[in-house]
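Given next are the chains, with one letter for each unit.
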Amino acid sequence: MNLESLNYEQREAVEKTEGPVLILAGAGSGKTKVLTTRIVHLIKNKNISPFNILAITFTNKAANEMRERVKSLLKEDNDEMWISTFHSCCVRILRKDINKIGYNRSFVIYDSSDQLTLIKDCLKELNLNDKVFEPRAVISEISSAKDKLLSPKKYKDMNISDNRKTKIAEIYKLYQERLKRSSALDFDDLIVKTVELFKENEEVLEYYRNRFSYIMVDEYQDTSRAQYEFIRLLAKNHQNICVVGDDDQSIYGWRGADIRNILEFEKDYDNVHTVKLEQNYRSTQVILDAANKVISNNIERKRKKLWSEKKEGEKIKIQVSDDEIDEANFVADNIYKISKKENIKYSDIAVLYRANAQARPIEDALNKSNIPYTIYGGVKFYERKEIKDLLAYLRVIENPQDDISLKRIINVPRRGIGLKSIEKIEDRASLRQESMYSVIVDIESNSDLSPKAKKSIKEFVDIIGSLRAMKEVYPVSKLIEKVLKTTGYIEELEKDKKDENLDRIDNLKEFVSIAIEFERNSKEKDLENFLTSISLNSDTDEEENENEKVSLMTIHTSKGLEFPVVFLIGMEENLFPISRAVKSMNESDIEEERRLCYVGITRAKDILYMTLTQRRTLYGKTAPSVSSRFIEELPNECIEKLNSPQNEITYSKSSYNVLDKYKQKYMNSINKQTLAKKVNATIKEAEKENDTSNIKAGDKVFHPKFGVGTVVGMMGSELTISFVNKGIKKINKEYTTIDLL
DNA sequence: TCGGCACAAATTTTT
DNA sequence: TTTGTGCCGA
């Protein structure tokens, strides 16, 4: 293996194969190249067997890419080597040995919507109000407990003085019991149970320890505590652990990623060799200067400074638009111009935003200009109702203990098994600590159901029974067709030829082709493996930005990608940084937003636009906007202001900013409660200041539709206002919110 | 059991 | 604005 094409640091990272290595890989510094080269170096130059190598990533996409690149470097296929995501790696381990900790080896994997249903069930069973214990909040609490490897019991013990959390611990406990009864694991469990298995079974752990004598982890800044522990257990003996990541790109803290994992790697392992990859092969120096400057405002980070050989570059263009429609038109116009003049394809251009809701006006503008685009994110294929229904059937066929799936389809299509009957079945299942399926199999012995209901249930059991028999003889794709026919699902959709239903039928057909594809590509073609592969591959093979389309996505989604031209839109306080982070008493929330901004900026190779508005309508409410602090943090020499609106609002009396000022002032001196009180008082004051009851001629005001204007006259509650560029209008202040400027 | 209506809520989402 | 949810009457 030739290492000539690497720079000094990259080469160091590749050649240092023994002992713990931390590679701090800045954006665009070629870390995938380093990782793949390192693997090949181990095999070719160091004679390590692929069998002993484990490479872990977060996404399937990253895993596939790495596998492909290694394959082409090695010039041979190698399936002894594990290059996989945390989750699929854990599934593989669990499928082999999870029975050792009392679970069924053919477990199903619950996704977030299954989780939600199950939590709702648990709340009902515990007689808890779902307004007080909002299911989503409960899930995220449980999930974060799991990320920290807290069992229900530990979680309870830790929060003994907190009533709410004590209750949540109870829900958590029941939730785990129900999962187990259904032979199901949620995504978090995949990691947690693997760690549990390792801790309780010396010989299992020993096997993998001996096997994986070289471990590499990609995107280490995104690991949770549980994932950290998983890796630590495996690397304990040989210590040949190489982690790659960028603390500045840690943007999934809200999802359990613990930035301490990377910040404290050097403390957690002995004699860590650290390599910083700071040469960037993507962007111009102007863009990197801007990114470096913005991120330097974060305190919790490892110092890094990206540099590039691309010394020349266009300045970052900043545009202030009137509102989001205006902003969208600006984006569309410029995309059109750029694509014409500079010989740039549409697929070279991305529009990035903080929140999905911002895509709407952009879409409208692009449509108007006939510019093709794809939106990333949105409703996923596997989340569609018809697909979920079909999947539920398949899961029940594979694993009848799966109550959540069973409940989903027991009356779909409608076969006269109503809510009452289902409830009775559930109660009985609960009583006997068994699955619902075992209850309905011997429904005869159940006396409190009507003969009619019993008959329907028996029919349902027969359908499932016959499908289970078919599973043994048919390939998955054929089985799916049988499911659709036998259950009458397709028939039901065909009855009513609405467009919606035709779409659904199309999707189901698409699903059949996915199954055929699976059969073609997999070694293990059984239903269990099919279901696993679907659970673990939520990203439907996005058509590889093949042809000529502008990409629209959130900044989160853009991580890891690059585009010659990037538009970062909505650079406004309370949108980016998002209001939650601004309002929170926690500076680390702002730091995460700033890292997100850093990620956004570093997506651009050559040209970067940043846009903001003077007033924005979001969720049907219009409010004046304030330019983002991240805009203010950009170095002057890197930016070019495209317009300088006369009435630009640079600073407002907006309560959040007031709050922010106070936050900084008091951050270190007083406790949170006092701070909160102070802040509330200040907000009240700010609101009073904005009281429009004593408005008078000459006052500058802001109107949600017409923008900034001057009051010229007033009569009762009717104001006459001269608006900038919009002329004189009469406004009734009783009906419109007008802000004093 | 379903459709209609009022009401509330609304970041980000690799698996 | 959009989207989901709960409740009520037919």
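All figures in this text were calculated on a predicted structure; none of them were measured in a lab.

Cut-offs applied
Residues numbered from 1 in each chain as written. Chains lettered and ligands numbered in written order. Predicted model: local features only at pLDDT ≥ 70, side-chain atom pairs only at ≥ 80, totals over all residues. Heavy atoms only, no water. Pairing = 2+ DSSP bridges. Helix = DSSP H or I, 4+ residues; strand = E, 2+ residues; numbered from the N terminus. Axes fitted to C-alpha atoms, helices over the stretch in contact; angles between N-to-C directions. Contact = heavy atoms within 4.5 Å. Buried < 20%, exposed > 50% of the residue type's maximum accessible area, 1.4 Å probe, protein only. Core = buried A, V, L, I, M, F, W, Y, C linked by side-chain atoms within 4.5 Å. Right-handed = clockwise from strand over helix to strand, strands pointing away. Near = heavy atom within 4 Å. Polar contact = N/O pair within 3.5 Å; in protein donor to acceptor, adjacent residues only side chain to side chain. Nonpolar A, V, L, I, M, F, W, Y, C, P; charged D, E, K, R; others polar. Phe/Tyr/Trp six-rings, centres within 6.5 Å; stacked < 30°, edge-to-face > 60°. Lys NZ or Arg CZ within 6 Å of the ring centre and 35° of its normal.

1. Description of the sheet that holds strand β3 (residues 82–85)
Reasoning step 1: Across the sheet, six strands lie side by side as β3-β2-β6-β7-β1-β8; this open sheet has parallel pairing. The sheet is open, and its two edges are formed by β3 and β8 (273–277), each paired on a single side. Put simply, the sheet's adjacent strands are angled 15° from each other on average, direction ignored.
Reasoning step 2: Across three bridges, strand β6 (residues 214–217) lies against strand β7 (residues 241–245) in parallel orientation. When the bridges of β7 are listed, V217 appears paired with V243.
Reasoning step 3: Helix α1 (residues 8–15) contacts β1 (21–25) and β8 of the sheet and is inclined by roughly 145° relative to β8.
Reasoning step 4: Its contacts with the sheet place helix α2 (residues 31–44) against β1, β2 (53–57), β3, β6, β7 and β8, and it is angled at close to 170° to β6.

2. Comments concerning the environment of L123
Reasoning step 1: In this fold, L123 is placed in helix α5 (residues 112–125).
Reasoning step 2: For L123, a relative accessible area of 2% translates into the label buried.
Reasoning step 3: Along the sequence, L123 and F133 sit 10 residues apart, while their C-alpha atoms lie 8.0 Å from each other.
Reasoning step 4: When near neighbours in sequence (up to four residues on either side) are disregarded, L123 contacts L128, D130, F133, P135 and I171.

3. Describing the nonpolar core
Reasoning step 1: Among the nonpolar cores identified, the biggest contains 50 residues, and L394, I440, F460, I480, F511 and F530 are the most heavily contacted of them.
Reasoning step 2: Each residue touching F530, except ones within four places of it in the same chain, is listed here: L394, V476, I480, F511, I514, A515 and F518.
Reasoning step 3: Counting residues in each nonpolar core, the second largest holds 47 residues, with I56, I191, Y208 and V272 among its members.

4. Some thoughts on the pairing of β3
Two faces make up the sheet, and in a regular strand the side chains alternate between them.
Reasoning step 1: When β2 meets β3, the two strands line up parallel, connected through four bridges. Directly across from L54, in β3, lies its bridge partner W82.
Reasoning step 2: Remark: the β2/helix α3 (residues 60–74)/β3 crossover connection has right-handed handedness.

5. Some details on the protein's contact with DNA strand C
Reasoning step 1: The environment of DNA strand C is formed by D130, R360, Y619 and G620.
Reasoning step 2: Counting only the atoms of DNA strand C that lie within 4 Å of the protein, the sugar and phosphate share comes to 31%.
Reasoning step 3: R360 is positioned such that a nitrogen or oxygen atom in its side chain is 3.4 Å from a phosphate oxygen of DNA strand C.
Reasoning step 4: Taking Y619, its main chain carries an N or O atom lying 3.2 Å from a base nitrogen of DNA strand C.
Reasoning step 5: Tallied by class, the residues present in the surface near DNA strand C amount to one nonpolar, one polar and two charged.

6. A closer look at the packing of aromatic side chains
Reasoning step 1: Taken as a whole and assessed by the stated rule, the structure comprises 19 aromatic pairs.
Reasoning step 2: Measuring from ring centre to ring centre gives 5.8 Å for F198 and F230, while their planes differ by 10°; the resulting arrangement is stacked. Of the two residues, F198 sits in helix α9 (residues 187–200) while F230 sits in helix α11 (residues 225–235), which places them 32 residues apart along the sequence. Here F198 matches F230 in class, with each residue buried.
Reasoning step 3: Aromatic pair Y220 and F265: ring centres 5.7 Å apart, planes at 80°, arrangement edge-to-face. Of this pair, Y220 sits in the loop between β6 and α11 while F265 sits in helix α13 (residues 265–268), placing them 45 residues apart in sequence.
Reasoning step 4: For F265, a relative accessible area of 0% translates into the label buried.
Reasoning step 5: When the ring centre of Y207 is taken as origin, the NZ or CZ atom of K96, which lies over that ring, is 4.5 Å away.

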